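Residue-level listing of the chains:
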Amino acid sequence: MIKTEKSYPERRLRGVLEELSCGCYRFVSLADKDQSQSSRTRLDRERLKSCMREMESMGQQAKALRAQVKRHTVRDKLKLVQNFLQKLRFLADEPQHSIPDVFIWMMSNNKRIAYARVPSKDVLFSIVEEEAGKDCAKVKTLFLKLPGKRGFGSAGWTVQAKLELYLWLGLNKQRKDFLCGLPCGFEEVKAAQGLGLQSFPPISLCYTKKQAFQLRAHMYQARSLFAADSSGLSDPFARVFFITQSQCTEVLNETLCPTWDQMLVFDNLELYGEAHELRDDPPIIVIEIYDQDTMGKADFMGRTFAKPVVKMADEDYCPPRFPPQLEYYQIYRGNATAGDLLAAFELLQIGPAGKADLPPINGPMDTDRGPIMPVPLGIRPVLSKYRIEVLFWGLRDLKRVNLAQVDRPRVDIECAGRGVQSSLIHNYKKNPNFNTLVKWFEVDLPENELLHPPLNIRVVDCRAFGRYTLVGSHAVSSLRRFIYRPPDRSSPSWNTSGEIVVNMEPEAPVKKLETMVKLDASSDAVVKVDVTEEEKDKKKKKKKGTAEEPEEEEPDESMLDWWSKYFASIDTMKEQLKLQEATAVDAEDKEETDSAEGPKGHMKGKEKTKAAKEEKKKKVQSSSGQVSEVPEKKKPKIDELKVYPKELESDFDNFEDWLHTFNLLRGKIGDDEDSSTEEERIVGRFKGSLCVYKVPLPEDISREAGYDPTYGMFQGIPSNDPINVLVRVYVVRATDLHPADINGKADPYIAIRLGKTDIRDKENYISKQLNPVFGKSFDIEASFPMESMLTVAVYDWDLVGTDDLIGETKIDLENRYYSKHRATCGIAQTYSIHGYNIWRDPMKPTQILSQLCKEGKVDGPHFGPPGRVKVANRVFTGPSEIEDENGQRKTTDEHVALAALRHWEDIPRVGCPLVPEHVETRPLLNPDKPGIEQGRLELWVDMFPMDMPAPGTPLDISPRKPKKYELRVIVWNTDEVVLEDDDFFTGEKSSDIFVRGWLKGQQEDKQDTDVHYHSLTGEGNFNWRYLFPFDYLAAEEKIVISKKESMFSWDETEYKIPARLTLQIWDADHFSADDFLGAIELDLNRFPRGAKTAKQCSMEMATGEMEVPLVSIFKQKRVKGWWPLLARNENDEFELTGKVEAELHLLTAEEAEKNPVGLARNEPDPLEKPNRPDTAFVWFLNPLKSIKYLICTRYKWLIIKIVLALLGLLMLALFLYSLPGYMVKKLLGA
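Small disclaimer: the values here were computed from a predicted structure and weren't measured.

Here we look at the overall build of the protein
- The helix and strand tally for the protein stands at 19 helices and 52 strands.
- Out of the 1230 residues in the protein, the part that is buried amounts to 45%.
- Long-range contacts, defined as pairs at least 24 residues apart, comprise 67% of the intrachain contacts of the protein with a sequence gap of at least 6.

Quick word on the packing of helix 1 (residues 9–34) against helix 2 (residues 42–68)
- Put simply, helix 1 and helix 2 touch, their axes get as near as 8 Å, and they point 155 degrees apart. Taken as axis vectors, helix 1 and helix 2 run roughly antiparallel relative to one another. At the point where helix 1 passes helix 2, the crossing takes the left-handed sense. Only L48, C51, M52, M55, E56, M58, G59, Q60, A62, K63, L65 and R66 of helix 2 make contact with helix 1, whose side of the interface consists of R14, L17, E18, L20, S21, C24, Y25, F27, V28, A31 and D32.
- Of the residues that constitute the contact of helix 1 with helix 2, the class distribution is 14 nonpolar, three polar and six charged.

As for the pattern of salt bridges
- If you walk through the whole model with that rule in mind, you get 59 salt bridges.
- Its salt-bridge partner being R66, residue E18 comes within 3.0 Å of it at the nearest N-O pair. Separated by 48 residues along the polypeptide, E18 in helix 1 and R66 in helix 2 bring together distant segments of the chain.
- The class for R66 is partly exposed, based on a relative accessible area of 34%.
- The closest approach of N and O atoms between R816 and E649, which form a salt bridge, is 3.1 Å. Taken as a pair, R816 in helix 12 (residues 813–818) and E649 in helix 9 (residues 648–651) lie far apart in primary sequence, 167 residues in all.
- You can call R816 buried: its relative accessible area is 1%.
- Three or more residues joined by partner-sharing salt bridges are found here, namely R396, D397, R685, K687, D812 and E814.

A look at the packing of aromatic side chains
- By the definition in use, this model includes 40 aromatic pairs.
- Measuring from ring centre to ring centre gives 5.7 Å for F392 and F434, while their planes differ by 65 degrees; the resulting arrangement is edge-to-face. Taken together, the residues span a long stretch of sequence, with F392 in strand 16 (residues 383–396) and F434 in the loop between strand 18 (418–421) and strand 19 (438–446) at a distance of 42 residues. Side by side, F392 and F434 carry an identical accessibility label, which is buried.
- With centroids separated by 6.4 Å and ring planes inclined at 75 degrees, the aromatic side chains of W658 and Y818 adopt a geometry described as edge-to-face.

Brief notes about the confidence of the model for the protein
- Averaged over the protein, the pLDDT score is 82; the fraction of residues at 70 or greater is 84%.
- Residue range residues 671–675 is modelled with pLDDT below 50. Its contacts to residues more than four positions away, or to other chains, number seven contacts.

Thoughts on helix 19 (residues 1196–1228)
- With 33 residues, helix 19 should reach 48 Å at 1.5 Å per residue; the first-to-last C-alpha distance of 48 Å fits that figure.
- L1219 marks the point of greatest bend in helix 19, at about 40 degrees, and the proline P1220 comes within the next four residues.
- G1229 lies just past helix 19 and shows a positive phi near 75 degrees.

Remarks on the packing of helix 13 (residues 845–855) against helix 14 (residues 894–902)
- With their axes 8 Å apart at the nearest point, helix 13 and helix 14 run at an angle of 45 degrees to one another. The angle between the axes of helix 13 and helix 14 places the two elements in the oblique class. Helix 14 is crossed by helix 13, and the crossing has left-handed handedness. The segment helix 13 lies against helix 14, with P845, T846, I848, L849 and L852 engaging E894, A897, L898, A900 and L901.
- Broken down by class, the residue content of the contact of helix 13 with helix 14 amounts to eight nonpolar, one polar and one charged.

Some remarks on unusual backbone geometry
- Here the bond from F322 into P323 is cis, since omega is -10 degrees, no more than 30 degrees from zero.
- Within the fold, P323 resides in the loop between strand 13 (309–311) and strand 14 (327–333).
- Here the amide bond leading from F784 into P785 is cis, since omega sits at 5 degrees, within 30 degrees of zero.
- By the element assignment, P785 lies in the loop between strand 29 (773–784) and strand 30 (789–796).
- Positive phi values are uncommon outside glycine, yet D1132 reaches one of about 65 degrees.
- Looking at the secondary structure, you find D1132 in the loop between strand 51 (1118–1128) and strand 52 (1134–1148).

With respect to the pairing of strand 37 (residues 918–926)
- Within strand 37, eight of the nine residues are buried, leaving the element largely enclosed by the surrounding structure.
- Sheet analysis places strand 37 next to strand 38 (residues 929–945), joined by six bridges and oriented antiparallel. Pairing of E920 across the sheet is with L939, part of strand 38.

Overview of the nonpolar core
- With 43 residues, the main nonpolar core has L967, W1123 and L1144 as its most contacted residues.
- One finds F714, V727, L754 and L790 within the second-largest nonpolar core, a separate group that totals 40 residues.

Observations regarding the pairing of strand 39 (residues 963–975)
- In terms of burial, strand 39 is largely enclosed, as ten of its 13 residues are buried.
- Of the strand pairs in this sheet, strand 39 and strand 44 (residues 1020–1033) are connected by eleven bridges, and their pairing is antiparallel. The partner of L967 across the bridge, within strand 44, is F1028.

Structural notes on the side chain of D1067
- Within the secondary structure layout, D1067 lies in strand 47 (residues 1060–1067).
- Although buried, D1067 forms no salt bridge, and the nearest oppositely charged side chain, K989, lies 9.6 Å from it.
- Among the polar contacts made by the side chain of D1067, one reaches the main-chain amide nitrogen of D992 at a distance of 2.8 Å.
- Ignoring anything within four residues of it in the chain, the contact list for D1067 reads E980, D981, S991, D992, F994, D1074, D1075 and L1077.

As for the UniProt feature "transmembrane region" (unreviewed entry) in the protein
- In the UniProt entry, the feature "transmembrane region" (unreviewed entry) is given for residues 1197–1217.
- As a span, residues 1197–1217 carries 100% helix and 0% strand, and end to end its C-alpha atoms are 30 Å apart.

What counts as what
- Residues numbered from 1 in each chain as written.
- Predicted model: local features only at pLDDT ≥ 70, side-chain atom pairs only at ≥ 80, totals over all residues.
- Heavy atoms only, no water.
- Helix = DSSP H or I, 4+ residues; strand = E, 2+ residues; numbered from the N terminus.
- Buried < 20%, exposed > 50% of the residue type's maximum accessible area, 1.4 Å probe, protein only.
- Contact = heavy atoms within 4.5 Å.
- Axes fitted to C-alpha atoms, helices over the stretch in contact; angles between N-to-C directions.
- Parallel < 35°, antiparallel > 145°, perpendicular 65-115°, else oblique.
- Left-handed = near helix turned anticlockwise from the far one by under 90°.
- Nonpolar A, V, L, I, M, F, W, Y, C, P; charged D, E, K, R; others polar.
- Salt bridge = Lys/Arg side-chain N within 4 Å of Asp/Glu carboxyl O.
- Phe/Tyr/Trp six-rings, centres within 6.5 Å; stacked < 30°, edge-to-face > 60°.
- pLDDT = per-residue confidence, 0-100.
- Expected span 1.5 Å × (residues − 1).
- Bend = angle between axes of the 7 residues up to and from the residue.
- Pairing = 2+ DSSP bridges.
- Core = buried A, V, L, I, M, F, W, Y, C linked by side-chain atoms within 4.5 Å.
- Lys, Arg positive; Asp, Glu negative; His and termini not counted.
- Polar contact = N/O pair within 3.5 Å; in protein donor to acceptor, adjacent residues only side chain to side chain.
- UniProt positions renumbered as here; feature names shortened; annotations may be inferred.

Here's what the structure looks like:
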């Protein structure tokens, strides 16, 4: 539906889904009424229920899916809809057929020779037309096949007989309808009544209406046929069957693409039925292709069916229907495709005047071909003389043939019966390239490119005594990509008049700032390519007051290495992919709204998406890395490279800009090998190219300067003599490797093969990793063409037994080396002579530019004035100075030369994109698991010819070594900690607080403070120091931990873990497990700055609900403050359970050694003991103290009151006691 390119495929899909959901609901409602029938078995009832369930759910899914169909999701949704189709087909098939199938047997001498089986459901009659079987009451063509085991395999593919049958199967009461589908114009011959015979069915039918016809079969050509002979070719002929007649074409020897160019005429064909029925539904023509063998009977090669175009006597033989067009018919061999047939068939009615009315068979009888009539002029394609030039470069990786090695191969090219042979390679092992590079032959080809015959490439080995053995062959099915099309000289890329100035001042990095400062080439602050200089300029501008935002910390040049560049590039790649997705979605939404507005809107939408795509293309193509203008987040300026998420070949058309690779396949394909994959059939590769053009060539081509007629259209190709090359392979890392060990991990190492060189980096295997970082470079000396296929493999190291192959990737270095895209050494983004971005190529940009101009015969390069270069009519400007290691400035043309190279595709006539400095990602494949990716490998390859100046030392891409640090954490105090315990005597709330801390990944090295007992307010005082030594990778912001997984592990496994510090508060219990109270995890690279006081510290600091400045301990070095501690409550929500005052101090291992401190409160540099209140003790260790505390603090006033009351009572008692005596004394006057 999408391929036919009809407009709005998504609307049609929605319509189909709408219909499907309606149909499902209708079925459910019908089946619902039908459920109550008593005659059903249990199987029927259950099946009906299951069908109803499935249909109901399918209806709902179809309805839901309909809403999701958009322009960009059509393909995905179409796949889902195809699942519906499979499900419907499955449901429609009865699990238990209630009516047996119909068998038709052909007998001879009471022997069963052949049969056909017709499913009864296909011929079952129903009054409702939709419910009847598809072949019920129709004349059908049936092909009979061999019974039993003989019918299997290639023997059963040939047809034993062809029958035309009319079948009807129905209930007895419906038998009067059984002739309803017969063609008109017949009489029934009924049996005589009264003999007890029923009147139905008639004994025979007598046709009264018959028409006479002539069939003309125009057999023009077949292509890509099955190779039936051991030579890899066939001797094909075609047999055409129609009604009761058959005819054969002539046999063409040794070809897979026979051009028969023959018309077969079938005369006096009698067809029965009404004229209009025959016109609309003529009988089928069967065409079978056979291979003629000198001995034995012909081999069946394939079959196809066709319907003729019918012309009745009263119609004119004129366009548009006549003469008929040649069409391609797919040839099948069993279930597999086996080529195409290009033919046309016309069925002409012979009128009352006889054959005189038929269109004349014009065109000569071929006298040299005997009584063979060619295809008439109006039908056969218009032929023109074409010249096919063949570039013979060489043969690669030829496998043995019949156990003998290939030693003296030759290539034969054949197209449309003509051909050419290459020169002989005298010693394949020494030099597999051809001496004579270009040969040509002339051939008549159709003007219509779609009708071009395929071109066959065959490789034969010339053995002793003049024997030739076929090695392999390749069919180029379409010559379209090799047809030479003269360039359009009016196009803008050919416009060489006038100058086009391309200003290459690197404005992009400045554009990324929020202050859009325009740096002009004419202004005093010219942006230099060197990083530090450019930053000075930025800072100058900032000082002028144009920007008030905080300055981004600039990366120190000495700190940067290749990995900084790599990680910056990966970030850029991710940004670009996001941008691409966003643009695609935006364009989609626009198109949706526009198409809703109407056709005008739709056109606008199309233009918009086009513009958006162009925009996206431009953005993606400029691999400068400064693509996405993101004002919010400023990136430090680091030179970048291009990271390709796939192989380099996929972006540069397999580097087949002039040298193509053709896979050679094994000769005769046995039928048992039909299941073998294409890979297994490949026996080698032919390297070369083709150029097809009409013969009188435009004169301006041959008049061009330096035109060498021996090379024809292949001007300026390099020599194919052997050449020595230094190949430098950089392997960065592997990702998502397939586990090879029982523990679900692997111990990968790199193995590299090129020719006789085999490097196995076995001792540097990486233990228990599925994403290993290799960071290795390997130098190999190779000589092309003998050693040009580089294999980079990843093996799994095993202690015992052989190492297992995880996966490998193969790179054809020769195509890269000779490509015009210059894939030998990538063009860097900027030119620098020192530092992490040093220029790798032994040739400087000016030398490369001069070489490219010389090879492409381009006017230039003309340098001058400084900072300007002219190539053809393009002028490039850029920085003109460079800074060396000592900060000295020199004038140079390298920057502008590099600018021209980075825009080489803009140069008229010869321009093409040059390969940038890059890292490519290649899939790893394992021959034992074909087609399944076993992981991906990131690498790049540099190649340097040995006869040129030697390149410098390889780049150091070894993995960064983690730096040793020590984190000192002092826990000063806690506050507002939740109180967990109830006092034994008084029932008051208190907590016995201690703080636990560790770095993520080092839980076993956790450290605890001492316990602050019996805190009644939630306050705790500790003055306790933790020490955490760790190894840290600054670039990846990860802590590196090496440890053995188990006691049985052979070696340590390396883990990379985010740098996170965890602090927890606990309540200590003596007789039960300690109670967890709360925790906080601080990411040491970005954690909220601590509050100055406990009051200012709130829960929002940790949850991110409050704007808090984030700090990094690696930049700040020392941080002190209060942080909240959180825990989840019963409702799974965070709540504040305490606050901790801590100080974090980060030192490198060297600094820590110079300035040692003790753990906890120990020497050296001890912390003073905390001043804790007297409540912080344990009562059973100090009972007197606890009694003193209980009495003195808690019940002090109560005791004073009780004592005073007791004193009062005592005095009152004494008073009452002494009062009577005192009164007696007083009364008696004593």
